[in-house]
Amino acid sequence: DSGVTQTPKHLITATGQRVTLRCSPRSGDLSVYWYQQSLDQGLQFLIQYYNGEERAKGNILERFSAQQFPDLHSELNLSSLELGDSALYFCASGGQGNYGYTFGSGTRLTVV
Amino acid sequence: AQSVAQPEDQVNVAEGNPLTVKCTYSVSGNPYLFWYVQYPNRGLQFLLKYITGDNLVKGSYGFEAEFNKSQTSFHLKKPSALVSDSALYFCAVRVLSTNYGGSQGNLIFGKGTKLSVKP
C-alpha cells in the first residue's frame, strides 16, 4: 500500500456520461497530481493541486475538471465522456522539496 | 521545451545478465530525475531518484542509475536481471513551477520501456 488511495479501481460507463474519480493523498502530503495513462499517449500530466489551490495545468481537456477539498482529498470529474477517454487515471502526492512522488494504484476507466 | 526520451520501446535480456534501460532528458536548470516501474494492472512504484550528489544512485530491488550531465542521460541498470524484473519502466523529470519558490513541480514521463527478462 503506497498510502495514496484511489477509488474506484474500475469504472465502466457509456459515452456522454459523467464520472468522478477520487484520490486521498498520503498522510502529510499537501499536493495532489492527476495523470492519464493511455496506450497512444503514454503518461500525461493533467493537473496539480496544492492545499486546495490549483498549481499547474497540463494536457487537461475542458471537459475535465478537478478540485481539492479541505481534507486534502481530490476529485477528478470527467464529463461528456468519449471512447477515447478510456484510460488508466493515476493520482500522485508529494513532490515537495527533495521528496519524491507516491502514486496510487489508479482507476481504470472504460467508456463504451 | 522540457522532455524525457526513452529510445527503446522494449529491452530483452536473459536472466542473470546485466540490463540497461536508457533515458535522456532535456530540462532547464538542474534536473530532478526519477525511475518508476509498473507491473501489469498495477500502479507506478518508485525505484530511485537523483536530486544532487553522487552520480550513481542506488534504488530498490537492486537497481541503480547513473546520472551523466554532459550526455544528459540517466540510464537505469542492474548487474543481474531476474525474470521478476519484467515490467514497464518509466523515466521522469520534475518540471519546477516558476512560481511558489520553485520548490514544486510535476513529473514529465518518458513513453516507457518494456523490459522482458527470459529464463
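In this text, all values refer to a predicted model and were calculated from it rather than measured experimentally.

Visitor: I'd like a rundown of the overall build of chain B, residues and numbers included.
Guide: The helix and strand inventory of chain B stands at zero helices and twelve strands. Ordered by position in the sequence, the α and β elements of chain B form the string β-β-β-β-β-β-β-β-β-β-β-β. Over its C-alpha atoms chain B spans a radius of gyration of 14 Å, differing by no more than 12% from the 14 Å that the globule rule assigns to 119 residues. On the principal axes, the C-alpha backbone points of chain B span a range of 50 × 30 × 25 Å. Counting every position in chain B, which comprises 119 residues, the buried fraction comes to 46%.

Visitor: Report on the state of the cysteines, specifying residues and quantitative values.
Guide: Scanning the model with the defined rule gives two disulfides over all chains in all. Disulfide pairing places Cys-23 of chain A opposite Cys-91 of chain A at an S-S distance of 1.7 Å. Around the S-S axis, the bridge from Cys-23 of chain A to Cys-91 of chain A shows a dihedral of about -50 degrees and counts as left-handed. Taken together, the residues Cys-23 of chain A in strand S3 (residues 19–24) and Cys-91 of chain A in strand S9 (residues 87–94) connect sequence positions 68 residues apart. Each member of the pair, Cys-23 of chain A together with Cys-91 of chain A, is buried. Through a disulfide, Cys-23 of chain B is tied to Cys-91 of chain B; the S-S separation comes to 2.0 Å. Disulfide Cys-23 of chain B-Cys-91 of chain B: torsion about the S-S bond near -60 degrees, hence left-handed. Taken together, the residues span a long stretch of sequence, with Cys-23 of chain B in the loop between strand S3 (19–21) and strand S4 (24–26) and Cys-91 of chain B in strand S10 (residues 87–96) at a distance of 68 residues. Using a relative accessible area of 0% as the deciding quantity, one classes Cys-91 of chain B as buried.

Visitor: Summarise unusual backbone geometry; cite the residues concerned and give the values.
Guide: Each neighbour pair has its own omega, and for Thr-7 of chain A with Pro-8 of chain A the value is -10 degrees, a cis peptide bond. Tracing the chain through its elements places Pro-8 of chain A in the loop between strand S1 (5–7) and strand S2 (10–13). For Tyr-61 of chain B, which is not glycine, the phi dihedral falls at a positive 60 degrees. Structurally, the position occupied by Tyr-61 of chain B is in the loop between strand S7 (56–58) and strand S8 (64–68). Of note in this structure, Thr-72 of chain B is not a glycine but carries a positive phi near 45 degrees.

Visitor: Please give an account of the packing of aromatic side chains that cites residues and values.
Guide: The geometry of an aromatic ring pair comes down to the distance between the two centres and the angle between the two planes. Here the structure, examined in full by the defined rule, presents 17 aromatic pairs over all chains. Ring plane angle 85 degrees and centroid distance 6.3 Å describe the contact between Phe-90 of chain A and Phe-103 of chain A, whose orientation is recorded as edge-to-face. Within this pair, whereas Phe-90 of chain A is found in strand S9, its partner Phe-103 of chain A is found in strand S10 (residues 101–103), the two being separated by 13 residues in sequence. Plain terms: the ring middles of Phe-34 of chain B and Tyr-36 of chain B are 6.4 Å apart, the flat faces sit at 25 degrees to each other, and that makes the pair stacked.

Visitor: Please give an account of the pattern of salt bridges that cites residues and values.
Guide: Throughout the structure, instances matching the rule amount to seven salt bridges over all chains. Residues Arg-26 of chain A and Asp-29 of chain A are paired through a salt bridge, measuring 3.2 Å at the closest nitrogen-oxygen approach. With a relative accessible area of 32%, Arg-26 of chain A lands in the partly exposed category. Taking the shortest distance from any N to any O, the salt bridge between Lys-77 of chain B and Glu-66 of chain B comes out at 3.3 Å. In this pair, Lys-77 of chain B is assigned in strand S9 (residues 73–78) and Glu-66 of chain B in strand S8, connecting sequence segments eleven residues apart. Lys-77 of chain B gets classed as partly exposed once you look at its relative accessible area, which sits at 28%. A relative accessible area of 38% means that Glu-66 of chain B is categorised as partly exposed. What emerges from the salt-bridge pattern is a single network uniting Arg-63, Glu-82 and Asp-85 of chain A.

Quick notes on the rules
- Residues numbered from 1 in each chain as written.
- Chains lettered and ligands numbered in written order.
- Predicted model: local features only at pLDDT ≥ 70, side-chain atom pairs only at ≥ 80, totals over all residues.
- Heavy atoms only, no water.
- Helix = DSSP H or I, 4+ residues; strand = E, 2+ residues; numbered from the N terminus.
- Rg over C-alpha atoms; globule rule 2.2 N^0.38 Å.
- Buried < 20%, exposed > 50% of the residue type's maximum accessible area, 1.4 Å probe, protein only.
- Disulfide = S-S within 2.5 Å.
- Phe/Tyr/Trp six-rings, centres within 6.5 Å; stacked < 30°, edge-to-face > 60°.
- Salt bridge = Lys/Arg side-chain N within 4 Å of Asp/Glu carboxyl O.

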